[in-house]
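Reading the structure
Each chain, letter by letter, is given below.
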Amino acid sequence: SAVISQKPSRDICQRGTSLTIQCQVDSQVTMMFWYRQQPGQSLTLIATANQGSEATYESGFVIDKFPISRPNLTFSTLTVSNMSPEDSSIYLCSVDPGNYGYTFGSGTRLTVV
Amino acid sequence: LAKTTQPISMDSYEGQEVNITCSHNNIATNDYITWYQQFPSQGPRFIIQGYKTKVTNEVASLFIPADRKSSTLSLPRVSLSDTAVYYCLVGVPSGTGTASKLTFGTGTRLQVTL
């Protein structure tokens, strides 16, 4: 299966600032998915990122708040903009490597103070 | 996307077999059933996937009745390290060349003790 390197693993940020999370995959994939997992909760899809096109956002998530880049088939970034304490969550990226289920990154634990 | 319903939590002793049942009454004809495991501070990890009847791999078995409206994940002889959250999902299977977003339900929090 694919291996995903997600950075940073954790960060503590001041409210009003932005954080960019990176996901690097060791193989080429068409779609990359970004999820949010709030403390003690399940995963919620933020957006789907295709290379060469704008990301598709789920209800409740907007591009201005969570801009996504997908410059090539192995890399994507998610930015959490103008952060507030409510953005404190774990953010995960995911891909379908083609077998053995979807692969997830280890997550970025974000705390906004 | 079909909605899934699982027990919120389960407890087990080490060495026992654990069966976690998931309901998915509105499963579509083309949907597969997939289970993921998530440890604290990690992303979910694929366990097993199936369409009907029984699927077994080195870590678990998946039982799916003929009507496919439910499924049961069976973990044989659990150990402390199996303490995790287990998610049941239904939808387009991985590896089809048509990656699809996953919809996670609440999951089942399994606690294994001595």
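The present account deals with the structure reproduced in this document. This one's a predicted model, so the numbers in the text were calculated from it and none came from an experiment.

1. Brief notes about the overall build of chain B
Within chain B one finds 0 helices and 9 strands. Relative to its length of 114 residues, chain B is compact, with a C-alpha radius of gyration of 13 Å against a globular reference of 13 Å. With respect to the principal axes defined by its C-alpha atoms, chain B has extents near 40 × 30 × 25 Å. Within chain B, buried positions represent 47% of all 114 residues. A fraction of 58% describes how many contacts in chain B between residues 6 or more apart in sequence connect residues 24 or more apart.

2. Considering the interface of chain B and chain A
The interface is formed by 19 residues belonging to chain B together with 21 residues belonging to chain A. Summed over both partners, the interface of chain B with chain A buries about 1,600 Å², with 53% contributed by carbon and sulfur atoms. Joining chain B to chain A, the criterion identifies 0 salt bridges. Scanning the region where chain B abuts chain A turns up 6 residue pairs in polar contact (both at pLDDT 80 or more). When its residues are assigned to classes, the side of chain B that touches chain A shows 8 nonpolar, 9 polar and 2 charged.

3. Points about the state of the cysteines
Following the criterion strictly, the structure yields 2 disulfides over all chains and no others. Covalently, C23 of chain A is tied to C93 of chain A through a disulfide, its sulfur atoms 1.7 Å apart. On the S-S bond that ties C23 of chain A to C93 of chain A, the torsion sits near -85°, and the link is left-handed. On the criterion of sequence distance, the pair formed by C23 of chain A in strand β3 (residues 19-25) and C93 of chain A in strand β9 (residues 89-95) is long-range, its members being 70 residues apart. The buried category is assigned to C93 of chain A, whose relative accessible area is 0%. Two residues, C22 of chain B and C88 of chain B, share a disulfide whose sulfurs are 2.2 Å apart. In this structure, the disulfide formed by C22 of chain B and C88 of chain B twists by about -80° around the S-S bond and is classed as left-handed. With C22 of chain B in strand β2 (residues 18-23) and C88 of chain B in strand β8 (residues 84-91), this pair connects stretches of sequence that are 66 residues apart. Note on accessibility: C22 of chain B and C88 of chain B belong to one class, buried. Between C13 of chain A, a free cysteine, and C23 of chain A, which holds the nearest cysteine sulfur, the sulfur-to-sulfur gap is 16 Å. Its relative accessible area of 8% is what places C13 of chain A among the buried residues.

Cut-offs and rules
- Per-chain numbering applies: the sequence of each chain, read as written, is numbered from 1 onward.
- Written order determines the labels here, with chains lettered from A and ligands numbered from 1.
- Totals for whole chains, interfaces and linings use all residues, but because this is a predicted model, local features are given only for residues with pLDDT of at least 70 and pairs of side-chain atoms are given and counted only at 80 or more.
- The basis for every side-chain value is the complete set of heavy atoms in the structure, and neither hydrogens nor water enter the calculation.
- Elements are defined by DSSP. Helices are runs of H or I of four residues or more, strands are runs of E of two residues or more, and each kind is numbered from the N terminus.
- Radius of gyration here is computed from C-alpha atoms only, and the compact-globule reference equals 2.2 Å multiplied by the residue count raised to the power 0.38.
- Under the scheme applied here, a residue whose accessible area is under 20% of the maximum for its type counts as buried, over 50% as exposed, and between as partly exposed, the area being computed with a 1.4 Å probe on protein chains only.
- The criterion used for residue contact is that any of the two residues' heavy atoms lie within 4.5 Å.
- By buried area we mean how much accessible surface two parts lose on assembly, using a 1.4 Å probe and totalling the loss over both.
- Any Lys or Arg side-chain nitrogen located within 4 Å of an Asp or Glu carboxyl oxygen qualifies as a salt bridge.
- Contacts described as polar in this section are N or O atom pairs within 3.5 Å, which, within protein, must combine one atom able to donate a hydrogen with one able to accept it, while residues neighboring in sequence count only if both atoms come from side chains.
- Each residue is assigned to one of three groups, with Ala, Val, Leu, Ile, Met, Phe, Trp, Tyr, Cys and Pro labelled nonpolar, Asp, Glu, Lys and Arg labelled charged, and all others, Gly among them, labelled polar.
- Defined by distance alone, a disulfide is two cysteine sulfur atoms within 2.5 Å.

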